[in-house]
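Descriptive structure summary
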Amino acid sequence: MHPGFLFFTFYFSVFMHFSNKFTSYIIAAFCLIATIVTGQLGGVGQPEIINYTKQSYGGGTQSWAITSGFRNAILVANNDGLLIFDGHNWRKNYLPNRTIARSVWYDPTTRRIYTGGQDEVGYFSSDKTTGYAYQSIKESIPAQYNILEDVWDMAMVNEKLYFRSLHRIFQFDGKNWQIFPAKNITSLSILTNGVIFNDLAEALYIINEPGRHYVKGSDIFRKIPIIKVVESGPDDWVVFTEKEGIYSYKNSKWSKIESKESGFLQKNRVHSACKLSEGHIAAGTHLGGIVILNKALQAINLLDKKRGMQNNAVSALYQDRKGNLWAGTYNGLDCIKLNSDFST
């Protein structure tokens, strides 16, 4: 065999050996980088996200609350009023003076869509002639309390409607009002047998029968804005603060969660949160999109503008009966098909 051929064969085999090793290192490095980038807060699966722009739904840029109504229609409290989506078409309904809608709740018994806005509260009901007719209930509130400011965080528990303004919690049974004054309220959340709210100047309080009750040890939240309290079970809550991360309440004891997830939420400022199926929780932020947490409060997915959302500021979250997560952002509405998520 020609010596030159043997020389060429030897050096070619050496080149291929090191070339293959170099290629393997490059691939491994890219895999590591991808893991770091996409896996900082958990899983790397990507669910399908449907973007609804303000042009497509014909409303304002920002939305503040989302729920579902008759025949699973999506109801949205939006800058331009109440938006109703039947799965095919969007319909916009104005509040008096065309004020911003801040909160919405559907009562399946009466089929009323209770809606709160700027110094306004009432309900929409189906009308065969005009579609939806609005009835204000503001004037039925005792005169000394019916200057409402903005109406936030509507909820219905035990056939009683609750909502909050900056300085009061309102309870309405369809006929009578009960008012619970406070100094500065930043959240109202649902519990199994009542609601829970925070007074920024004092502590957390539960409202159920027969009235308002102080939550022991909750004065640790004095001067700490709370965004949402999510009930995980009896005497088991997860508290999302705006800038101080996550707290846990179990067996009547408080603890601050020290984790990368809590740090992420602290850095990006919590703006909204809701309980999901399987005990998971979605937390929306001002700056970093949405993080999905499992029962152990570990991140299993991160959803943001880089991954298909329209904006990283998420002011409203709601999971519909099909398992879709609806997000009201500062630049439109997103429907996240969580059932298509293949993350582990």
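Just above, that's the structure.
1. Let's talk about the overall build of the protein
- A tally of regular secondary structure across the protein gives 3 helices and 28 strands.
- For the protein, the proportion of its 344 residues judged to be buried stands at 49%.
- The long-range share in the protein, meaning contacts at least 24 apart out of those at least 6 apart in sequence, stands at 42%.
- Accessible surface for the protein amounts to roughly 17400 Å². Of this, 54% is attributable to carbon and sulfur atoms.

2. Side note on the pairing of strand β26 (residues 314–319)
- Of all 6 residues making up β26, 6 are buried, and the element is well covered by its neighbours.
- In terms of strand pairing, β26 meets strand β27 (residues 325–329) through 5 bridges, oriented antiparallel. Bridging from a neighbouring strand, Q319 pairs with L325 of β27.
- In textbook terms, the turn of a hairpin is the stretch between consecutive antiparallel strands, and for β26 and β27 this stretch comprises 5 residues, one of which, G323, has a positive phi near 95°.

3. Examining the sheet that holds strand β25 (residues 299–303)
- With respect to topology, 4 strands assemble into an open sheet ordered β22-β23-β24-β25, the strand pairing being antiparallel. The two strands at the open ends of the sheet, each matched to only one other strand, are β22 (270–275) and β25. Ignoring which end each strand starts from, the neighbouring axes of this sheet average 20° apart.
- In the sheet, strand β24 (residues 290–293) pairs with β25 via 4 bridges, with the strands oriented antiparallel.

Analysis parameters
Residues numbered from 1 in each chain as written. Predicted model: local features only at pLDDT ≥ 70, side-chain atom pairs only at ≥ 80, totals over all residues. Heavy atoms only, no water. Helix = DSSP H or I, 4+ residues; strand = E, 2+ residues; numbered from the N terminus. Buried < 20%, exposed > 50% of the residue type's maximum accessible area, 1.4 Å probe, protein only. Contact = heavy atoms within 4.5 Å. Areas by Shrake-Rupley, 256 points an atom, 1.4 Å probe, with all protein chains shown as cover. Pairing = 2+ DSSP bridges. Axes fitted to C-alpha atoms, helices over the stretch in contact; angles between N-to-C directions.

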